[in-house]
Amino acid sequence: QEPQASGLPEYIKIVEVGPRDGLQNEKVIVPTDIKIELINRLSKTGLPVVEVTSFVSSKWVPQMADHKEVMRGIERHPGVQYPVLTPNLQGFHSAIAAGATEVSVFGAASESFSKMNINCSIEESIEKFEEVAKSARNMNIPVHGYVSCALGCPYEGSIIPAKVAEVSKRLYSIGCYEISLGDTIGVGTPGSMKKMLEAVMKEIPLSALAVHCHDTYGQALANILTAIQMGVSVVDSSVSGLGGCPYAKGATGNVATEDVIYMLNGLGIKTGVNLYAVMEAGDFICTALNKKTNSKVAQASFNTGTV
Amino acid sequence: SSQNVVPTPVKINLINMLSETGLQVIEATSFVSPKWVPQMADHTEVMQGIRKVPGISYPVLTPNLKGFQAAVAAGAKEVSIFGAASELFTRKNINCSIEESLERFHEVMAAARAANIPVRGYVSCVLGCPYEGKISAAKVAEVSKKMYSMGCYEISLGDTIGVGTPGSMRDMLSVVMQEVPVGALAVHCHDTYGQALANILVALQMGVSVVDASVAGLGGCPYAQGASGNVATEDLVYMLNGLGIHTGVDLQKLMDTGTFICNALNRRTNSKVSQASCRL
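Keep in mind the model is a prediction, meaning the values are calculated, not measured.

## Some remarks on the environment of A:Val273
Residue and element names in this part refer to chain A. One can find Val273 in the loop between α10 (257–266) and α11 (275–289). Sequence separation between Val273 and Leu47 is 226 residues; the distance between their C-alpha atoms is 5.4 Å. Setting aside residues up to four positions removed in sequence, Val273 forms contacts with Ile14, Thr45, Gly46, Leu47, Pro48, Ile261 and Val278.

Printed below as a string of structure tokens:
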């Protein structure tokens, strides 16, 4: 396969969010040493980015209460980025003190979601992030921005593409080097993905865009394919598809890294990631969590003994 | 290919419910010897028991002339035959070569032509074979062309073990489309590696407008124990709705049908849309 012949990117950067977004949304609270082991294994797979933890008050996110220990405990592999979530200046300082060298902030394209989640309006949240971004800039720390509910909101339903573009532009203008557009409840389809990206691409350069698709309705890979056909070259995913959907009990959430890599390999697109190594890391964490993998590639491979 | 043999009334009810959803084609059963496929032993009762809604087609599988004759006697108005793009798969499955298998179908084609019965052709292993591994697109095109020339009105290209990706789907279709008009092509994608909807999307982008799917994603993969097989019709319709593509199918009625059959089989659905929707 020749990706260039088909207009697809030659290389796609995979952002592994399993240890943070994944584990944060699993029922079981994972012991610190397991988290560290998982991250260390992921660091050896060729993944260029591994989202480590979240410097949020343990009152809100108990699963990430051990953020300092995890940050300090992991092996830092050269060539791998280890971003952490920092919702405000306090979290940012705490993250830096613990050794973080990249941070992420979370906006939303829905006012209702913003209010329900962090008890403030979108604009108020971005003002907080601006403080983080200013401090980060002074310390030469890159800031990554997320936009939730890019393709639909559990409270508002449909989200207009222009709103996603507006919020993305705000985050980009305060200094986020990359904006990850999240289909938080997985309701998006190739149709809505295309419309949303067309609107956002008017405001943000393509190279600064990432997609964070949830597989709650089974649409993730088709949505990711649509995004990469439009030139997006950064894709978020979670080993074993860790992390259910907090808005649809029992339903799946994150798309599985293994399934994404399988697709990209088949398209002839480079990722630098060793699929088998990711499957092994996935097997490790699923065993530790005593759960079945959400990755179909892993399910099929372990059952036939072939990939 | 469900584990237990499903009772005849449940099968009939399933097909009747599917007939209410707007689906235009519902594959009813297989006129194969119960020695080989015990789950389809009640083919005659099912064929005679279902409500045949005008405008809906109820094709049945017919592996040979005997099966064809039994199907027609039972009221079938459309039949399907199965070829494969892999010699080894054909040998393991029906103990002959691809060429020999197609010769056997000549009798069926002749009888079907005489009886004015349309025949649909399936080609298995189009994106990979459990025994041969990689399958050349040229071979898929060759087998498809033969079946189309024999008189099949439509060729359904099956990714039997679900190993295909949008890359291999595109490559395979671009070669097959040189031999068979795209209007006569269908895709039958398995979701064993989670690639089905992405593969279907690429096929649609290339002009394919017929897609096979299974309510609730029924049917595991016989080559990967415990792995999934067919793509779920609900998930497919959800995607097509989102793309603004008309299908005529009522998604809610489809989900209700999926719920019915999963309860009857005492198993969970393989449809993510179904899983997500019943909780919201």
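Text resumes after the structure shown.
## Regarding the pattern of salt bridges
Throughout the structure, instances matching the rule amount to 20 salt bridges over all chains. A salt bridge links A:Lys169 to A:Glu203, with the nearest nitrogen and oxygen atoms 3.1 Å apart. Of this pair, A:Lys169 sits in helix α7 (residues 161–173) while A:Glu203 sits in the loop between α8 (190–200) and β7 (209–213), placing them 34 residues apart in sequence. For A:Lys169, a relative accessible area of 43% translates into the label partly exposed. Here A:Glu203 falls in the partly exposed class, since its relative accessible area comes to 35%. Between B:Glu142 and B:Lys146 there is a salt bridge whose closest N-O contact spans 3.3 Å. Of the two residues, B:Glu142 and B:Lys146 both sit in helix α6 (residues 137–150), four residues apart, roughly one turn of that helix.

## Remarks on the confidence of the model for chain B
Close reading of the predicted structure is inappropriate where its pLDDT is low. Across chain B, the average pLDDT comes to 94, with 96% of residues at or above 70. Scored by ipTM, the complex comes to 0.93, with pTM at 0.95.

## Quick word on the sheet that holds strand β7 (residues 211–212) of chain B
In spatial order, the strands read β1-β2-β3-β4-β5-β6-β7 (chain B); together these seven strands make up an open sheet with parallel pairing. The open sheet terminates on both sides in strands that have one partner only, identified here as β1 (29–30) and β7 of chain B.

## Quick notes on the packing of aromatic side chains
All chains considered together, the criterion is met by six aromatic pairs over all chains. Geometrically, the ring pair formed by A:Tyr217 and B:Tyr238 is stacked, given 4.9 Å between the ring centres and 20° between the ring planes. Of the two residues, A:Tyr217 is situated in the loop between β7 and α9 (220–229) and B:Tyr238 in helix α9 (residues 233–242); the pairing between them involves two chains. Of the two residues, A:Tyr217 and B:Tyr238, neither departs from the other in class, the shared state being buried. Directly above the ring of B:Tyr122 sits B:Arg120, whose terminal nitrogen or CZ lies 5.2 Å from the centroid.

## Topic: empty space enclosed by the protein
Residues and elements named next belong to chain A. Taken as a whole and assessed by the stated rule, the structure comprises one cavity of 30 Å³ or more. In this model, the largest cavity occupies a volume close to 40 Å³. Every element with two or more residues in the lining of the largest cavity is listed here: β5 (143–148) and β6 (176–183). Residue composition of the lining of the largest cavity, by class: five nonpolar, two polar and three charged.

Calculation rules
- Residues numbered from 1 in each chain as written.
- Chains lettered and ligands numbered in written order.
- Predicted model: local features only at pLDDT ≥ 70, side-chain atom pairs only at ≥ 80, totals over all residues.
- Heavy atoms only, no water.
- Helix = DSSP H or I, 4+ residues; strand = E, 2+ residues; numbered from the N terminus.
- Contact = heavy atoms within 4.5 Å.
- Salt bridge = Lys/Arg side-chain N within 4 Å of Asp/Glu carboxyl O.
- Buried < 20%, exposed > 50% of the residue type's maximum accessible area, 1.4 Å probe, protein only.
- pLDDT = per-residue confidence, 0-100.
- Pairing = 2+ DSSP bridges.
- Phe/Tyr/Trp six-rings, centres within 6.5 Å; stacked < 30°, edge-to-face > 60°.
- Lys NZ or Arg CZ within 6 Å of the ring centre and 35° of its normal.
- 1 Å grid on protein atoms, 1.4 Å probe; cavity = no way out; pocket = protein on both sides within 12 Å on 5 of 7 lines; lining within 4 Å.
- Points joined across faces, edges and corners; volume = space filled by probe spheres on them.
- Nonpolar A, V, L, I, M, F, W, Y, C, P; charged D, E, K, R; others polar.

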